[in-house]
Amino acid sequence: MDNNQTNNAMNPDGQPVVHKRRERYSGTHPKKFSQKYKEHNPEKYADTIDKVIKKGSTPAGMHISIMVKEILDFLQIKPGQIGLDATLGYGGHTKEMMKCLEGRGHVYGLDVDPIESAKTKERLNSQGFGDDILTVKLTNFMNIDQVAEEEGKKFDFILADLGVSSMQIDNPERGFSYKVEGPLDLRLNPQKGVSAAQRLKEMDLEEIIGMLIDNSDEPYAQEIAEKIYNKIKRGGKIDTTIELKETIEEALVFIPNKDRKEAVKKACARTFQALRIDVNNEYEVLYSFLEKLPGVLAPGGRVAILTFHSGEDRLVKKSFKEWKKAGEYSEVASDVIRPSAEECTLNPRARSTKMRWAIKVE
């Protein structure tokens, strides 16, 4: 008899239930993303999740919401209001905002990732946040005007967290991290557009240089771009995350040994960021979102935006300032709000976060 099959357990169709054994791993702790079964089940293994977070790490398959207190303090959500989480992700911010509604009102959550948004909806539904208080829409947040028109609503509060979720970064299959082997993809919606690997094949040398400078202020843009372009032109492959990392290492071989490891690490982070922004048209999407914001906010409505690099922050700051001058916003943040030192210790991914806010005129 098959060792994976029980004697008596049957499914609704009368077929024997097959129990799949958990993936085995060497050593005392799982190292691969797929093997961390306890971290993938936060409700069942709360103690494990707590230990991982206290070590300053993010559990596999999870995302730790950033600056929750600061966001809620500003948004001042009241029961009965209508809100929008423009970037649903893991749903941590959404959940806390829905709690403030005390069962009265509604939150719309937008996301382009069909894989993670489905998981998030199921998770939030199981925690008591059903269709009466939550609507999840698979759409880009640049389409906020369409969402407002479809629902016949303007929003009392809006949140946009522009960071990539940890579930995407940590999953090797999504290709967001240079630290693990995976396809060089970087698409927020893997069912649309072209992958980062394909994008690199389509770009000429000047385009790659411009992308690295414009999207991440890469100081070694020339050297890295030349190495990438020449390798592909000569028939070499840069189809995986590790192949891109190795190409960057080759480009920076001129840096002294004592400084090279850190320089490569930072260059990899910047290059992957630049590619992700390019593949997902992130600046164009953000610009469109900011242009449409005043039109979907209710009188006195509040919006908070979390950014994670200087290019995003500059766009948000400029837009808020221009719309205030035009009489659309009554107040805008005079400076950025940053996460506390304590939060950055518990969640190192929060360190680069900047929050700006605006209030629609009454």
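Here the structure is a predicted model, which means the values were calculated and not measured. (Residues numbered from 1 in each chain as written. Predicted model: local features only at pLDDT ≥ 70, side-chain atom pairs only at ≥ 80, totals over all residues. Heavy atoms only, no water.)

1. Here's the deal with the overall build of the chain
Worth spelling out the cut-off: Each helix is a run of H or I in the DSSP string that is no shorter than four residues. Each strand is a run of E no shorter than two, and both are numbered from the N terminus. Accessible area is worked out with a 1.4 Å probe on protein chains only. A residue is then buried under 20% of its type maximum, exposed over 50%, and partly exposed in between. All accessibility values rest on the Shrake-Rupley procedure with a 1.4 Å probe; residue burial counts only the protein chains present in the view.
Across its full length, the chain holds 14 helices and 9 strands. Out of the 362 residues in the chain, the part that is buried amounts to 47%. Here the chain has roughly 18,800 Å² of accessible surface; of this, 48% comes from carbon and sulfur atoms.

2. Thoughts on helix 12 (residues 282–296)
The line we're drawing: In this scheme, a helix's expected span is set at 1.5 Å multiplied by one less than its residue total.
The terminal C-alpha atoms of helix 12 lie 20 Å apart, and with 15 residues this matches the ideal 21 Å at 1.5 Å per residue to within 8%. Looking at helix 12, one finds that the buried residues are E282, Y283, V285, L286, S288, F289, L290, L293, P294 and V296.

3. Overview of the environment of S352
Note the cut-off: Between two residues, a contact is recorded if the distance between any of their heavy atoms is within 4.5 Å.
Along the chain, the position of S352 falls in the loop between helix 14 (341–346) and strand 9 (354–360). Residues S352 and R338, spaced 14 residues apart in sequence, show a C-alpha to C-alpha distance of 8.3 Å. For S352, the residues in contact, after removing those within four places along its chain, are T307 and F308.

4. A closer look at the side chain of S216
Where we set the bar: In protein, a polar contact means a hydrogen-donor-capable atom and an acceptor-capable atom, both N or O and within 3.5 Å, with residues adjacent in sequence counting only if both atoms are side-chain atoms; elsewhere, any N or O pair within 3.5 Å suffices.
Of note, S216 is situated in helix 8 (residues 205–216). Polar contacts involving the side chain of S216 include one to the main-chain carbonyl oxygen of L212, which spans 2.9 Å. Leaving out residues up to four positions away in the same chain, S216 has contacts with M211, R270, Q273 and A274.

5. Things to note about helix 10 (residues 241–251)
Among the residues making up helix 10, those that are buried are T241, I242, L244, T247, I248 and A251. Its buried side turned inward, helix 10 meets helix 9 (221–233) and helix 11 (257–279).

6. With respect to the confidence of the model for the chain
Worth spelling out the cut-off: Confidence per residue, as judged by the predictor, is encoded in pLDDT with a range of 0 to 100.
Looking at the chain as a whole, the pLDDT averages 85, with 80% of positions reaching at least 70. This stretch, residues 1–7, has a pLDDT under 50; its non-local contacts, to residues over four places away or in other chains, come to 11 contacts. Here residues 33–41 is a poorly scored stretch, pLDDT under 50, and it has 31 contacts once near neighbours within four places are set aside; other chains count.

7. Concerning unusual backbone geometry
Non-glycine residue M67 carries a positive phi angle of around 55°. Along the chain, M67 falls in the loop between helix 1 (46–54) and helix 2 (68–75). Backbone geometry places Q76, a non-glycine residue, at a positive phi of 50°. Looking at the secondary structure, you find Q76 in the loop between helix 2 and strand 3 (82–85). Take Q76: its relative accessible area is 40%, and that puts it in the partly exposed class.

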